[in-house]
Amino acid sequence: MAELIHIEDIEKYYGTKENLTKAIDRISFSVNAGEFMGIMGASGSGKTTLLNLLATVDRVSSGHIYYGKDDITALREEQKADFRRDNLGFVFQDFNLLDTLTIRENISLALSLEKRSRSEIRKSTKEIMERMGIWNLRDKFPFQVSGGQKQRCACARALIKHPKIIFADEPTGALDSQSARTLLETFTQMNQAMNATILMVTHDAFSASYCSRILFLKDGRIFQELRKGGRGRREFLNEILDVLSLTGGDGNAC
């Protein structure tokens, strides 16, 4: 697989000189196109900070993040906003759907804001909703569907512009166990059938077992890395739990 993102010796500090906190401590790794990667660690380990840095929501204190040949750490704020819009997709724990829009309108909104043609918007929206198995929900409003269906809507919204990478921050946190399983299977479908690159931050070992590779953070550093390889998900889950016992992560299932 081709390298999509290269992270080179990044650091992130918060606070003042008298009260300085190092959230990310000289981290380097790469993300390949088509990879389903997980980021795990105990509370305060730096996993959400790392996601925010990769997503250009926050700025590194030192180091570099390359998307291909482009160093996003050198972008100005308005350039970062354009970069996020054109290249990144997001799936959040709380769905971030607009209650006054139908499911179809929520998904097509990003294309509408770009003033695409009506025919292109209709075609793209229907195609992605059918692939996510939610076309039958098109005229319903968010309050009329389940949490799991809302999250599949969020996945369709993230995919509709064919982003280079999708960032998911604790996406199963607000879901019951069955809805969480359905979402994770949806992520797997997105990754395998649509070649979507996904980076998921999670505290949950069950969710992480769906990933192909996991980075474990501890005190802002990479503590361990696991690759699933040809192992089954149950075996991989047990390995994840073993590592979490060393990092201080709880590993509780959703």
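Along each chain, residues carry numbers from 1 onward, in the same order as the chain's sequence is written. Where totals are concerned, whole chains, interfaces and linings use all residues; where local detail is concerned, this predicted model gives features only for residues with pLDDT of at least 70, and gives and counts side-chain atom pairs only at 80 or more. Remark: hydrogens and water are excluded; side-chain values derive from all non-hydrogen atoms of the structure.

A. Main features of the state of the cysteines. Count a disulfide wherever a pair of cysteine sulfur atoms falls within 2.5 Å. Counted under the stated rule, the structure contains zero disulfides. With no disulfide partner, Cys153 has as its closest neighbouring cysteine sulfur the one in Cys155, 9.1 Å distant.

B. Looking closely at the environment of Ala156. Numbering goes from the N terminus for both helices and strands, where a helix is a DSSP run of H or I of at least four residues and a strand is a run of E of at least two. Locating Ala156 in the fold gives a position in helix α5 (residues 147-159). The classification of residues rests on relative accessible area computed with a 1.4 Å probe and restricted to protein chains. Under 20% of the type maximum is buried, over 50% is exposed, and intermediate values are partly exposed. The class of Ala156 is buried, set by a relative accessible area of 0%. Put simply, Ala156 and Leu199 are 43 residues apart on the chain and 16 Å apart in space, counted from C-alpha to C-alpha. Note on contacts: a residue pair qualifies if any of its non-hydrogen atoms lie within 4.5 Å across the two residues. Among residues more than four places away in sequence, those in contact with Ala156 are Ile107, Ile128, Met132 and Ile134.

C. Spatial organisation of helix α6 (residues 177-193). Taking 1.5 Å of rise per residue, the 17 residues of α6 would be expected to cover 24 Å, and the 24 Å separating its terminal C-alpha atoms lies within 8% of that figure. Buried residues belonging to α6 abut β3 (36-41), β6 (88-92), α5, β7 (165-169), β8 (198-201) and α7 (205-208). Polar contacts here mean pairs of N or O atoms no more than 3.5 Å apart (in protein, one a potential hydrogen donor and the other a potential acceptor; neighbouring residues in sequence count only if both atoms are side-chain atoms). Of the residues flanking the start of α6, the one acting as N-cap is Asp176, its side-chain oxygen 3.1 Å from the backbone nitrogen of Gln178. Just past α6, the residue Asn195 takes up positive phi, approximately 55°. In this analysis, the expected span of each helix is defined as 1.5 Å times one less than the number of residues it contains.

D. Main features of α5. Taking 1.5 Å of rise per residue, 13 residues should cover 18 Å, and α5 covers 19 Å from first to last C-alpha, within 8% of that figure. Listing the buried residues of α5 in full gives Gly148, Gln151, Cys153, Ala154, Cys155, Ala156, Arg157, Ala158 and Leu159. Its buried side turned inward, α5 meets β6, α3 (103-113), α4 (118-131), β7 and α6.

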